[in-house]
Each structure stands twice: as C-alpha cells, then as structure tokens.
Amino acid sequence: MRTRHLVCSLGALFLLIADTAAVENPLPQTPVRIGITPVFLDYQTAFLDDWREYLEARLHRPVVFKQRSTYRDIMDMLLTQDLDFAWICGYPFVRFRQHLRLLAVPVYQGEPLYQSYLIVPETDTDTRSILGLRDKVFAYSDPDSNSGYLVPQFQLHAAGEDRNNFFRRSFFTWAHQKVVEAVARGVADGGAVDGYVWDTLAKVNPELTARTRVVMKSKKFGFPPFVAQHKVDDSEFRRMQDVLTGMPNDAIGRALLKRLNLDGFSQGNDHLFDGIAELAKSVPVR
Amino acid sequence: MLSNLSLRYKIPLRISILILIVVVAVTVSLLARSSLIFKQDLSLSSENMGRIMANTLTGALLYDDVWKAYEIINAPFSVDSKNGSLQADTVIVLDKYERVYVSTAPRQYPILTDPALKDDEIASLKQKLSQHDPMSPVTIEMPGLGNIYVVTPIDSDGVLLGRLVMLYSHEIYIDRFLSFMRQAAMTAVLIIVFLLPFGVYWGRRTAAPLMELSKCMGQVGTSITEIPDCRILKGGDEIGQLGTQFEHMIEQLREKEALEKQMVVSDRLAAIGRFTAGIAHEINNPLGGLLNATNTLQRHGAQDPLTRKTVSLLERGLLQIKETVAALLVEAKHGAHAVTHQDIEDTRTLVMPAAQKKSARLHWVNGIHQPANLPSTYVRQILINLLLNSIDAVPDNGRISCEVSTTDGVLRIATHNEGEQIRNNDLEHLFEPFVSGRESGRGLGLWVTYQIVNTLNGSIEVSSGEDDTEFVVTLPLRQAA
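About the thresholds
- Residues numbered from 1 in each chain as written.
- Chains lettered and ligands numbered in written order.
- Predicted model: local features only at pLDDT ≥ 70, side-chain atom pairs only at ≥ 80, totals over all residues.
- Helix = DSSP H or I, 4+ residues; strand = E, 2+ residues; numbered from the N terminus.
- Buried ≥ 20, exposed ≤ 12 C-beta atoms within 10 Å, placed from the backbone.
- Contact = placed C-beta atoms within 7 Å.
- Expected span 1.5 Å × (residues − 1).
- Axes fitted to C-alpha atoms, helices over the stretch in contact; angles between N-to-C directions.
- Parallel < 35°, antiparallel > 145°, perpendicular 65-115°, else oblique.
- Left-handed = near helix turned anticlockwise from the far one by under 90°.
- Nonpolar A, V, L, I, M, F, W, Y, C, P; charged D, E, K, R; others polar.
- Pairing = 2+ DSSP bridges.
- Core = buried A, V, L, I, M, F, W, Y, C linked by C-beta atoms within 7 Å.

1. With respect to the overall build of chain B
Thought 1: Looking only at helices and strands, chain B features 11 helices and 12 strands.
Thought 2: Taking all 481 residues of chain B together, 23% fall into the buried category.
Thought 3: Across chain B, the fraction of contacts at a sequence separation of at least 24, relative to all contacts at a separation of at least 6, is 64%.

2. Some details on helix 9 (residues 376–393) of chain B
At 3.6 residues per turn, the α-helix brings residues three or four places apart onto the same side.
Thought 1: For helix 9 of chain B, built from 18 residues, the straight-helix expectation of 26 Å at 1.5 Å per residue is met to within 8% by its first-to-last C-alpha distance of 25 Å.
Thought 2: Of all the positions in helix 9 of chain B, only B:Tyr378, B:Val379, B:Ile382, B:Leu383, B:Asn385, B:Leu386, B:Leu387, B:Asn389, B:Ser390 and B:Ile391 are classed as buried.

3. With respect to the packing of helix 6 (residues 238–300) of chain B against helix 7 (residues 305–328) of chain B
All names here are of chain B.
Thought 1: It is at 9 Å that the axes of helix 6 and helix 7 come closest, and there the two elements cross at 155°. The pairing of helix 6 with helix 7 is recorded here as roughly antiparallel in orientation. Considering the relative orientation of helix 6 and helix 7, their crossing is left-handed. For the pair helix 6 and helix 7, the contacting residues are Thr276, Ala280, Ile283, Asn284, Leu287, Leu290, Leu291, Thr294, Leu297 and Gln298 in the first and Val311, Leu314, Glu315, Leu318, Ile321, Lys322, Val325 and Leu328 in the second.
Thought 2: Residues that form the contact of helix 6 with helix 7 fall into these classes: 12 nonpolar, four polar and two charged.

4. Examining the interface of chain B and chain A
Thought 1: Contacts between the two partners involve nine residues from chain B and, on the opposite side, 12 residues from chain A.
Thought 2: The element contributing the most residues to the side of chain B that touches chain A is helix 2 (residues 66–78) of chain B, with three residues.
Thought 3: A breakdown of the residues in the side of chain B that touches chain A according to their chemical character gives eight nonpolar, no polar and one charged.

5. Some thoughts on the sheet that holds strand 2 (residues 63–67) of chain A
Residue and element names in this part refer to chain A.
Thought 1: The strand order across the open sheet built from six strands is 2-1-3-12-4-13, with neighbouring strands paired in mixed fashion. This sheet does not close on itself; its edge strands, each paired only once, are strand 2 and strand 13 (264–266). Each neighbouring strand pair of the sheet contributes to a mean axis angle of 25°, computed without reference to strand direction.

6. Side note on the nonpolar core
Thought 1: Within the largest apolar cluster, 112 residues are counted, with the highest numbers of intra-cluster contacts made by A:Ala86, A:Ile88, B:Leu57, B:Ala69 and B:Val102.
Thought 2: Grouped together as the second largest cluster of nonpolar side chains are 32 residues, B:Val394, B:Val404, B:Ile452 and B:Val453 included.

7. Remarks on the pairing of strand 4 (residues 148–156) of chain B
All names here are of chain B.
Thought 1: In this sheet, strand 4 lies alongside strand 3 (residues 138–141) in antiparallel orientation, the contact comprising four bridges. From the neighbouring strand, Glu141 faces strand 4, where its bridge partner is Ile148.
Thought 2: Counted between consecutive antiparallel strands, the loop separating strand 3 from strand 4 contains six residues, among which Gly144 sits at a positive phi close to 70°.
Thought 3: As paired strands, strand 4 and strand 5 (residues 159–168) are joined by nine bridges and run antiparallel to one another. Bridging from a neighbouring strand, Pro153 pairs with Arg163 of strand 5.

Have a look at this one:
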C-alpha cells in the first residue's frame, strides 16, 4: 500500500513538473518542417534528434525532420509546400531555382564548396579516370544528385562517350554512403560520390572507405544548400537563417557541427551554383 | 580359442560387446536420422526463406533497382549470425536471361555475366533446372560433396522475372554432422563408461555361482569325501537348481563311497574269517592228536628229566596253539543263559583292576534291568574286549565310559575313551586278526569281537576323533523260543 502511495505521489509530481514546463515554454502547434536528403549522413537518427532539439530551443517552435528515400520526393514536397525548408543538392536547386529561396550554404573546410569523387574498389589499382570503367558496373547515388550523377554524366558527355551504353550496367543506390558500400563490396566496379560524404565516412567508418580508392576528384561546386520554399514568410526565413548561421557561436551548435563534419553555415549566394548550372545545361535532362 | 575362455571372462565380455554394439547401433541410427532431418530442415527452411526473399525481390526487379535487390539478398548477411544458423553461402539473383542480376558475391558472380561460364557447377545446375518447372521452387544437391542449391522463381503476375539461387556449401552440412557426431560420440562414450563397469560387474556376478560350482565339480575325482564344503548359491533359477542337485549328488556319492568302503572291509573280514576258520579246523584235528600223544607220553613214557621237560614244553606250545586257534574260531556256543544285570556288573568287576592300574576313571551305565535274550558269554566277551582296549588306549588318569542299554529289541553297547585318534589307514584294518595298534597284545581282541557280533547278526561301528574314540555295538535281541 505504501509503495503504491509513493508511486502515485511521484506520478502526480511528475505530471505537475511536466505541466509547468509546458506552461513556461509554450510551443506553437505548427511545427517547422525540414526535409533532409542523403547529401549528408542522414541515417544518424540520434544526431538528428539532438539537432532537432537544438533547433526547437532556438526557434521556440517544434521542428520536424522529414526524410524520404529520393531527392525527388523531397523536391516534390517542397514544391507542394509540404515542407518549409530542406537540405537538398545543388542540382535540383538550380533546376527549380524560381520556386526556392537560398537559405544557407554549409561551410566545409573553410569554404562553401565540395567535390565529386570517382571511387573504385581498392583492389582496382589500374583505373585512372571514369573512362577506364568502360563496360563495367557503375553506381550512381541519385539521378537528382550533382556529385553522384551529373558530374560523371558530364565527364562521359565531355569525353564524347555514349552515356547510356558506356557502362555494362549502372544503377542508383539513392544515397552517397550506399555508393561507397556498393563499390567497397564489389557490387559496382566504380561509383560517383559526394566528396564531403566520403570524407566524413572516412572519419566515422574508416574500414568501409578503406576498401575504396578515390580515383579522381572533380572541380569544386557549391555545397548542397539549405533552401526554403518560396512561400515561407520572411521572419521565419530570417530566424531560421540566423539559427543556422549562428550555430558556431555556442557550444552545443559547435558540437553538432563537429558531428556534421562542417565548419558552419553561410548565407551564400546563387553564383556558388553556377558551375552546376553549367553542367546541367550541357548534359540533357534524363 | 574363445570357447576355452572361462565364463568369468566370457560373460562380462559378451555383455560388454552387446553394450558396445547397442550403443554404436543407436548412435549410428541417430546420426543417420539427424542428418536426414537436417537435410529436410535445410531444404524446407531455405525454400521458405527463398519464397519470402523472392516476393520482396519482385518489386526491385520490376523497377530494375539493382541496389534494392542487393540490399534484400544481403540482409541476412548483415546480421552476424553465421554460427549455427542455416545461412546461405551465396545468394544470386538471375534475370530472365539467366544472367547475374545481382549477387552477394559480386566479384565471383559479376552483374550481367553468365555465371555458368566460369562455374561448372552452375552450368550443371542450369542443366538440371531445365528439367524442372521454372515456376516452382526446387532444391538441387550436387553429386559428391558439391553444394546445395535452392532455386526459387521471382515472378510477377505469373510472368517469370528471374530466379533466386541460394547456394549452401556442403560444409555447413558437414559441420553440423561433425558437431552432432562429436556430441553423439561423447554421449556414447559416457554411456559406455557408465555401462561397461556395470556390465562387467553383472557378468561376473552371473558367472560367480557357475564358477563356484565348476570349482567344486573340479574337485570331484579321486575322492568325494575330501571335497570341502562348497558355497553354492541356492535359488529357484537354473544355477540354483544345479547347485542343489550337485549337492544332492555329492551327498549320494559320499554315502555310496562310505558303503563301498564298508563293504570292502566286511568282505575282507568275511574272507579272512572263512580262511582262518578253515585253517583252524585243519589245525584242530592234528592238534587234538598231538595233545593226546603228549598226554600219553607224560603218563606212560620215559621218566628221565630231559624228556619230561621237553614234553612239557611241547604241551605248553601246543596248548598255546590251541588257545590261539580257539580264539580265531568263534563258534556259536549254545546253552549260555540270557544276559542279566549281574553279568554286566561282573564284567565291570573284572576290568576294574586294569583300570585302576592306569588310574583311569570309568563312567558306567548299566541299563539292563531284565534279562536280555542274548548269550551272556558272548556279550561279556564283547564287553571285556572293548573295555580292555579302551583302558589300553586311554592315557593315565584318562576317562572311559561304558553304556549298556536295550531299546527297540536291540542291545546297545557303547564305549568311549580319551585315547589318541585312530588313523584312517588303521581304521580300515581295525578288525583284522593280528593287527594291533599297540606293541602289546596279539591283536585278536577286536577280531574276536567282530566275529562274535557277526555271529549274533549285529553291527559294530567305530568313530575316532581327537581325544574321543567310540565303539558302538548293536545286537538284535533274539526272539524268545
């Protein structure tokens, strides 16, 4: 009987505290909806939870991360205003530029730029460029990815190769880290991957990247940006931008950035993505 | 060789061999059964697994998603469960042209290649598959110690999109078999270790009474009487019955041997009796003449001292011969009166001086209270002979007893003395004439006694132990005429 009393009292106490907390920190019902794509290691759910909490505390609003298996799903949700913000690739950004607002560009190794890596299994010591992979099996990450699709497509196109028949077989893994897996396990003889993702994987899962060899690094392109759908109101846009760019200013933000393997977020500008736009122009859309 | 082996070893050996055979047979049959069950399990579980995988693969093949197909077939490998679980070594998805769509061993089976080109086993698998309905799953075991292939169709709406091939190395089967065999062997060894000592103990226990019986039987040969008591297990079973029968047989043999010995002694005594009687008669006739002659010579012959002395010597010698012959020749003397209490007491008076000479104590029981119908002279002579022998045998201050009684129409005389034990060899010749255990005496006392007892149709028994020798004479009373 005593124990039950105690449990009841504790329960009541807990409810009271929870209630007070809710009153002290009232969050509006409509959450901020953020779409994320595998432009970074999006499978780190624990990290996402911490980041969500961080954003909620700064925005004073609930935050929801929405994950989908393809870039296109996230793009569709953005265009239909099912999302407020999203972290997408530069390629769809330049394609749907008129429907989007550039929110922030991650800063990686001191600049808002990244590269596409061409990787092969570490057992392959001969391949020097993508042209050495003729009649081989190739892994792309996503048809809407710059580094994981557009760059190798452009390279083949620029070399005058038939992009559709150059490889014996090509397939999409729908995520950069899975391109690394496919190449490491020998399912594919080569793959195109976001250089930032490969570098980050080399830190968190060095055994995996050690089984691949980077053959070629592309020129630098604008880092996959955070965007807002164009109907997001300005104050919300500014607040979000401030929170992201202000992350290096506090300890929790810095810790989160470290886990992201990023230096911070900059406001960026459209010209960062000119290189991608050029590639997109020269390679006909699939 | 084995037939000569003692049951002491043969029975435990047989039980041990039986235990070994049973354990080995059970182990082998369990192994065979378990390997069969394992094969069935493997086939069943992998076909189920294949069906589930094939269902999931349909979408991937339909939308041509190689990576998704790879992730599906690779899913079981991503869980670290190689130990003990029935996991395929390699999973291959073939497209409808039987080229590799994707496999978990991409370096061995690269995408869009014909797996049969490099792999002979896959080539023969393809050949075997062509004989089966492509729309139903099938398990194919390669001959020898080849791999086991479980092939499941991947179809959509009845159209074959490809095939899922799951390759199980024979090693998992062998590993399983070996591990089970180790376990079974260990159990078998444990059972044997526990059962064998039991078997040996049991076998020995079973053999033990037979061994004992055999040992006793082995001693039956030269003499029955010398067999020591055998500890033969008695019981209702065959061995027990055998033991009982054996003891019975030994008892009968002993009786028979004793009887035979007695008969030999009696026959010999009878022969000696006839022989001595014949000689005595032959001697008695001339002896009478000789005595008459010496008598005549003494009365009417020359009276010179030498002749007289010589004749006197002759007469004494002849008389001694007569006496001896008379002793040998026991004849029924008729006319003697029946034995009375006083006759027995007179005998006591007669032997008392001899007993006192050795300070021997005589225990006397005279049970004759009314005349017993037997010739008193004979009975007295028997009694005197036995008592004098006893007094002779007994050491100084020794003890002698004598009991005379009549019961059930029989007169019984029993004497005991504390003299030395009579040796076995001497017992056999005890009643023969001129046989004497002592230096004094002619050895005719017991002979005469025997003759008299025989004449009276009685019996005489001797038993001699340490410090106790007993003579028992039984004489049937004559019917009053």
